[in-house]
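# Topology and contacts: notes
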Amino acid sequence: MKGKDELKELAEQVYHRMIDKTVNDWGMNMESWDWVPGVGVISILTYGRLLGNQEAIEYLQQWTERNKHLSEQVKVINSMAPYAIFPDLYRLSGERWYLDTAVTIGDWMLTEAPRTREGAFEHTVTENAKFSEQVWADTLFMAVLFLARLAKLTGDSKYAKEAESQLLVHLRLLQDPLTGVLFHGWNCADGNHMSSARWTRANAWVILACPWIAEEISSLVPVAGEVVERYRQLAAGLRHYQGKDGMWSTVMDQPGFYAETSGSAGIAAGWLAGIRIGWLDDTYKEAVEQTLQGVMKRIEPEGTVQGVSGGTPVMPNIPAYEEIPCYPTLYGQGLALILLSLRAC
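## Quick look at a negative patch on the surface
A grouping of Asp5, Glu9, Glu12, Asp20, Glu55 and Glu58 is seen on the molecular surface, where their side chains present a negatively charged patch. Of all the secondary structure elements, the ones that give two or more residues to the negative patch are α1 (4–19) and α3 (54–71). Looking at which element gives the most residues to the negative patch, the answer is α1, with 3 residues. Assignment of secondary structure puts glutamate 55 in helix α3.

## Things to note about helix α6 (residues 139–154)
For an α-helix, 3.6 residues make a turn, and residues three or four places apart therefore share a direction. An ideal rise of 1.5 Å per residue puts 22 Å on 16 residues; α6 measures up with 22 Å between its terminal C-alpha atoms. At leucine 145, α6 shows its maximal kink, close to 30 degrees. Within α6, 14 of the 16 residues are buried, which leaves it mostly tucked inside the rest of the structure.

## Structural notes on the layout of surface pockets
What the largest pocket holds in volume is close to 300 Å³. Along the wall of the largest pocket there are 14 residues; nearest its centre are Arg49, Arg149, Trp212, Glu215 and Glu216. Those elements that place two or more of their residues in the lining of the largest pocket are α2 (35–51), α4 (86–93), α6, α8 (200–217) and α10 (261–277). Residues belonging to the lining of the largest pocket are distributed by class as follows: 5 nonpolar, 1 polar and 8 charged. If you add up the space inside the second largest pocket, you get close to 220 Å³. Every residue lining the second largest pocket is counted, 17 residues in all, and those nearest its centre are Trp35, Glu127, Trp136, Thr312 and Pro313.

## Some words on the pattern of salt bridges
Tallying each qualifying case throughout the model produces 15 salt bridges. Here arginine 198 and aspartate 176 are joined by a salt bridge, their closest N and O atoms 2.8 Å apart. Here the residue arginine 198 occupies a position in the loop between β2 (185–187) and α8, and aspartate 176 occupies one in the loop between α7 (157–174) and β2, the gap between them amounting to 22 residues. Judged on exposure class, the residue arginine 198 and its partner aspartate 176 are both buried. When salt bridges that share partners are traced, they join Arg49, Asp88 and Arg91 into one network.

## Some details on the packing of α8 against α10
At a minimum axis separation of 8 Å, α8 and α10 run at an interaxial angle of 25 degrees. Taken together, the axes of α8 and α10 are roughly parallel relative to one another. When the axes of α8 and α10 are compared, the crossing they make is left-handed. Counting all contacts with α8, which are made through Thr200, Arg201, Ala204, Ile207, Leu208, Pro211, Trp212, Ala214 and Glu215, the residues of α10 involved are Ser262, Gly263, Ser264, Gly266, Ile267, Ala269, Gly270, Trp271, Ala273, Gly274 and Ile277. In terms of residue class, the contact of α8 with α10 is built from 11 nonpolar, 7 polar and 2 charged.

## Details of the packing of α2 against α3
Two elements in contact, α2 and α3, have axes whose closest approach is 8 Å; the angle formed by their N-to-C orientations is 150 degrees. As the angle between them shows, α2 and α3 are arranged roughly antiparallel. Taken as a pair, α2 and α3 cross one another with a handedness that is left-handed. Counting all contacts with α2, which are made through Pro37, Val41, Ile44, Leu45, Tyr47, Gly48 and Arg49, the residues of α3 involved are Ala56, Ile57, Tyr59, Leu60 and Trp63. Taken together, the residues of the contact of α2 with α3 break down into 10 nonpolar, 1 polar and 1 charged.

## As for the state of the cysteines
Summed over the entire model, instances satisfying the criterion amount to 0 disulfides. The thiol of cysteine 188 is unpaired, and the distance to the nearest cysteine sulfur, on cysteine 210, comes to 18 Å.

## Remarks on the packing of aromatic side chains
Tallying each qualifying case throughout the model produces 20 aromatic pairs. Each ring, one from tryptophan 26 and one from tyrosine 331, has its centre 6.2 Å from the other, and the planes form 70 degrees; the classification is edge-to-face. Placement of tryptophan 26 in the loop between α1 and α2 and of tyrosine 331 in helix α12 (residues 330–344) is noted, with a sequence separation of 305 residues between them. According to the relative accessible area criterion, tryptophan 26 is partly exposed, its value standing at 37%. Between tryptophan 199 and tyrosine 321 the ring centres are 6.3 Å apart and the planes differ by 45 degrees, which places this aromatic pair in the tilted class. On the criterion of sequence distance, the pair formed by tryptophan 199 in the loop between β2 and α8 and tyrosine 321 in the loop between α11 (285–296) and α12 is long-range, its members being 122 residues apart. Here tryptophan 199 and tyrosine 321 have matching classes, each one buried. Following the ring pairs from residue to residue traces out a cluster consisting of Trp33, Trp63, Tyr83, Phe86, Trp97, Tyr98 and Phe146. Seen from the ring of tryptophan 97, lysine 68 lies directly overhead, with NZ or CZ sitting 4.7 Å from the centre. Geometry around tyrosine 284 places arginine 239 over its ring, the cationic atom sitting 3.9 Å from the centre.

Rules of the game
The residue numbers shown here count from 1 along each chain, following its written sequence. Reporting of local features is limited, given that this is a predicted model, to residues whose pLDDT is at least 70; pairs of side-chain atoms are given and counted only at 80 or more, and all residues count toward the totals for whole chains, interfaces and linings. Side-chain calculation: all heavy atoms of the structure are included, whereas hydrogens and water are not. Patch membership requires more than 30% relative accessible area and the absence of a salt bridge. Residues of like charge join within 9 Å; the nonpolar side chains Val, Leu, Ile, Met, Phe, Trp and Tyr join within 5 Å. Computed by Shrake-Rupley with a 1.4 Å probe, the accessible areas treat only the displayed protein chains as cover when residues are assessed. A carboxyl oxygen of Asp or Glu within 4 Å of a side-chain nitrogen of Lys or Arg is what we treat as a salt bridge. The positive count covers Lys and Arg only, the negative count covers Asp and Glu only, and His and the chain ends enter neither. Charge placement uses NZ in Lys and CZ in Arg. For Asp and Glu, CG and CD serve respectively. For helices the rule is a DSSP run of H or I covering at least 4 residues; for strands it is a run of E covering at least 2, with both sets numbered from the N terminus onward. A helix is expected to reach a length of 1.5 Å times the quantity of its residues less one. For a residue, the bend is simply the angle between two axes, fitted respectively to the seven-residue segment ending there and the seven-residue segment starting there. Exposure is judged per residue with a 1.4 Å probe applied to protein chains only, and the accessible area is read against the type maximum: over 50% gives exposed, under 20% gives buried, and values in between give partly exposed. Computed over the protein atoms alone on a 1 Å grid, cavities are sets of points where a 1.4 Å probe fits but cannot get out and pockets are open sets with protein on both sides within 12 Å along at least five of seven lines; a residue lines them when it has an atom within 4 Å of a point. Grid points are joined across faces, edges and corners, and a volume is the space filled by probe spheres set on the points. Under the scheme applied, nonpolar residues are Ala, Val, Leu, Ile, Met, Phe, Trp, Tyr, Cys and Pro; charged residues are Asp, Glu, Lys and Arg; polar residues are all the others, including Gly. Interaxial angle, 0 to 180 degrees, is taken between N-to-C directions of lines fitted to C-alpha atoms, where a helix line uses only the stretch in contact. Note on angle classes: values under 35 degrees are labelled roughly parallel, values over 145 roughly antiparallel, values of 65 to 115 roughly perpendicular, and the remainder oblique. Each crossing gets its handedness from the near helix: less than a right angle anticlockwise from the far helix is left-handed, clockwise is right-handed. The contact definition used throughout considers only heavy atoms, calling two residues in contact when any of these lie within 4.5 Å. Cysteine sulfur pairs qualify as disulfides if the two atoms are within 2.5 Å. Pairs were defined over the aromatic rings of Phe, Tyr and Trp, the Trp ring being its six-membered one, requiring ring centres within 6.5 Å. Orientation was assigned from the angle between planes: stacked under 30 degrees, edge-to-face over 60, tilted for the rest. Only when the NZ of Lys or the CZ of Arg is both within 6 Å of the ring centre and within 35 degrees of the ring normal is a charge said to sit over the ring.

Pasting the structure below:
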């Protein structure tokens, strides 16, 4: 087991691998406005706050200044992720622009963002693709987390109520009652889970987002007991599928598929977040350590996180998930960074 100083050093390497090189490839390009750099900046904020790295916070202010013009070009659910850092940047800087922009975007989500017939945010993306009437697990992390943070910043319960509503509808639509884990997506028009893949990274987004969202909104609205119960069922179900190396296959009930680093790191980080909020007991700590060891073996000396699957829509069938290639990405770096930061703080 590594000590906290070693974990902090490793976290710094992972962080610098994200920011030190300007690249144009989709996976590692920080200079854009979408979910990939969005997960990147959320993770850097987590790292900066938990481990006291002021340089990381200053980087986020500079990043926003460089890229805020890109935010005006598109409004889709999957591009909401970068806004999740705005409440903290407003508290730190006092710059009114952060607050005003966050409120404008939050109100758009409440009144204009496309929804499915069940009231869930439809998973709209920046790419030239439409997923009409589809609910994806990713949305809780990519969009609802921002809404929850905005609720706490403003003290306005309308954002908190919507965040809790989205938690409930996503868990109800995506959770498998037999195993407790989540399917990747739900098609409201057809009334099914499409390929019915228990995709690991989908579960990671939710196991981490749920306690973070609840923590933000709990002072404004009581979080439904159903959310907590479903979260615990999810956490227990995930433990069932954890491999001996501490990792999960990219589709967790397919042990012959490749082990996937970002989803594994996100699940362990989610367990730590659940322990911190009091939803999970300390029996999960051993499982977290197993995952931490597995993830660290996939971090190269210069901080590159390997074994991360590329961007993954709901695939037409389960074998298709095994065909998704692995390469370095900001969300892979980010989920590993969040795990290291939570464990080291």
